[in-house]
Amino acid sequence: MKLLFKNTTQLTEELYFEFLTFHESKENRKYTFTNILFILLFLFCMFTTFQSNQMNLFAIFSIGFIIFLGFRFVYPTYVVQKEKSSPKIQQEYTNTYYFYETYFVVHTVNQKTSYRYMQLHHVLQTEDCFYLYLDEHYAFIVKKDGFSVGTVDDFSTFLHKKLPFKYKK
């Protein structure tokens, strides 16, 4: 199959945090809304069970509330710190992307993996990068200045045609 685009992107700590900032700003409204909704729900349940003198149920809701806070606020910080100290960020790995008509290949230091375009959850384009999301949180970062085959404009048009409902600028 004919190679349409080739991109080489070096994964730096700065690039990773740029992605995190972008991802957080994109998801911030929905994330904040669900956090507030669940916090209010837990507090209401805790207050109601406390008022009804159902201490066993109050304890269950309190434990659930603490677990919720841990997973929503503490765990993401842990994941970011773990990712920050990972070899791909510390050693600034380089990913090479090969884009063909029906699939693309990601060549990392350790492996070579191919993906069909329909496997992508969505694609977002920023001023400097394309983010090819495999799920809601994990994305491949494709720098616009890393193309050695094809152009940024042609790549943008190509992705828009391949994924019209999943592509956003």
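Residues numbered from 1 in each chain as written. Predicted model: local features only at pLDDT ≥ 70, side-chain atom pairs only at ≥ 80, totals over all residues. Heavy atoms only, no water.

Caption draft 1: Focus on the sheet that holds strand β1 (residues 5-10). Sheet architecture is open: 5 strands sit in the order β4-β3-β2-β1-β8, paired in antiparallel fashion. The open sheet terminates on both sides in strands that have one partner only, identified here as β4 (112-116) and β8 (147-149). For this sheet, the mean angle separating the axes of adjacent strands, direction not counted, is 20°. The pairing of strand β3 (residues 103-107) with β4 spans 5 bridges and is classified as antiparallel. Bridged to Y103 within β4 is R116. Helix α4 (residues 152-162) rests against β1, β2 (94-99) and β8 of the sheet, and its axis sits at about 105° to β1. (Pairing = 2+ DSSP bridges. Helix = DSSP H or I, 4+ residues; strand = E, 2+ residues; numbered from the N terminus. Axes fitted to C-alpha atoms, helices over the stretch in contact; angles between N-to-C directions. Contact = heavy atoms within 4.5 Å.)

Caption draft 2: Molecular detail of the sheet that holds strand β7 (residues 139-143). Across the sheet, 4 strands lie side by side as β7-β6-β5-β9; this open sheet has mixed pairing. Of all strands in the sheet, those bounded by a partner on one side alone are β7 and β9 (167-168). Sheet topology places strand β6 (residues 129-133) next to β7; 5 bridges connect them, and they run antiparallel. Across the sheet, the residue bridging to C129 is K143, located in β7. Its contacts with the sheet put α4 on β5 (122-125), β6 and β9, and the angle it makes with β6 is roughly 25°.

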